[in-house]
Amino acid sequence: MDPIFIWWIGEAAPDRALLDHAALHLGRAFGRPVREWSSPERPRHAYDPKRKQHLSGAILKWLLEAGPGAGKVLGVTDRDLFIPILTYVFGEGQLGGGAAVVSIARLLEDVELIGPQLLLERLAKEAVHEVGHAFGLLHCATPVCVMARSSGVRNVDEKKPELCSECRRRLEELQTGGPR
Ligand SMILES: [Zn+2]
Ligand SMILES: [Zn+2]
């Protein structure tokens, strides 16, 4: 079974606890091996100096070119991400594609106050969410489902790091080539 690769592409040094926690939840949600991918390359070309943010679509394209070239690859960054029509995004996943990216930049709110576990949980949820898109899952109407759309960090906190039963069934259909 093709693994999910998790790749720290941030500028600061990688936070082991953060990546391990995301990997744990990715393995649970998708039943796949999760491996770390590592290289000093960074998608610096995705930086937009006018917005002082990174264009997430450019990172996705780059992850496919520079990454392991198999399975799914999830880039994790500390840089702030955007898509042209939105102020920022927590991340982006290619629907049914090979790449996804998540950022911790907008997940840091209240973390200093509440503690690092909050960031661990938020990142794990957003990682599963974006990789869920890469597996072909759409947004879910169940608010606690990890595939629910999050417009703010409060929505992220309301979610669980897991797929609801409906999304799990859908994932199974997608894996076995069932109805689309
Ligand atoms: Zn989404
Ligand atoms: Zn769901």
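Residues numbered from 1 in each chain as written. Chains lettered and ligands numbered in written order. Predicted model: local features only at pLDDT ≥ 70, side-chain atom pairs only at ≥ 80, totals over all residues. Heavy atoms only, no water.

Note the following rule: UniProt positions are given in the numbering used here, feature names are shortened, and annotations may be inferred rather than shown by experiment.
Looking at an unreviewed UniProt entry, one finds the protein chain named Peptidase predicted, zinc-dependent, with Anaeromyxobacter dehalogenans as its source organism. You can read under Cofactor (unreviewed entry) in the UniProt record for the protein chain the words "Zn(2+)".

## Quick word on the overall build of the protein chain
Just so we agree on the cut-off: Strands here are runs of E lasting at least two residues and helices are runs of H or I lasting at least four, both read from the DSSP assignment and numbered beginning at the N terminus. We compute the radius of gyration from the C-alpha atoms alone; for a globule the expected value is 2.2 Å times N to the 0.38, where N is the number of residues. A 1.4 Å probe rolled over the protein chains alone gives each residue an accessible area, and that area as a share of the maximum for its type sets the label: buried under 20%, exposed over 50%, partly exposed in between. Note on definitions: a residue-residue contact is assigned when non-hydrogen atoms from the two residues lie within 4.5 Å. For the accessible areas, the method is Shrake-Rupley and the probe is 1.4 Å, while residue cover comes only from the protein chains on display. His residues and chain termini do not enter the charge count, which takes Lys and Arg as positive and Asp and Glu as negative. The location of each charge is read from NZ of Lys, CZ of Arg, CG of Asp or CD of Glu.
Within the protein chain one finds six helices and eight strands. A compact globule built from 180 residues would reach a C-alpha radius of gyration of about 16 Å, and the protein chain, at 15 Å, matches this within 12%. Dimensions of the protein chain, computed from the C-alpha atoms along their principal axes, are close to 45 × 35 × 35 Å. The buried share of the protein chain, taken over its 180 residues, is 51%. Within the protein chain, contacts between residues separated by at least 24 positions form 67% of all contacts whose residues are at least 6 apart in sequence. For the protein chain, the exposed surface amounts to about 9100 Å²; the carbon and sulfur share of it is 54%. Taken as two groups, the 23 positive and 23 negative side-chain charges of the protein chain have centres that lie 3 Å from each other.

## Considering the pairing of strand β1 (residues 4-8)
Along any regular strand the residues' side chains alternate between the sheet's two faces. The line we're drawing: If you view a crossover with the strands going away from you and the path from the first strand over the helix to the second runs clockwise, you call it right-handed.
For β1, a buried count of five out of five residues is recorded, marking the element as mostly surrounded by other parts of the structure. The handedness of the β1 to strand β2 (residues 34-37) crossover, carried by helix α1 (residues 16-30), is right-handed.

## Some details on the coordination of the zinc ion (ligand 2)
Selection rule: Only nitrogen, oxygen and sulfur atoms qualify as donors, provided they sit within 2.8 Å of the metal or within 3.2 Å for Na, K and Ca; with water excluded from the atoms, sites may seem incomplete. For a four-donor site, all angles between 85 and 135 degrees give tetrahedral; for four or six donors, opposite pairs above 155 degrees with the remaining angles between 65 and 115 give square planar or octahedral; all remaining cases count as irregular.
Protein ligation of the zinc ion (ligand 2) involves Cys140 (SG), Cys145 (SG), Cys164 (SG) and Cys167 (SG), the donor distances falling in the range 2.3 to 2.4 Å. Coordination at the zinc ion (ligand 2) is tetrahedral: its four donor atoms span angles of 106 to 113° at the metal. For Cys145, a relative accessible area of 1% translates into the label buried.

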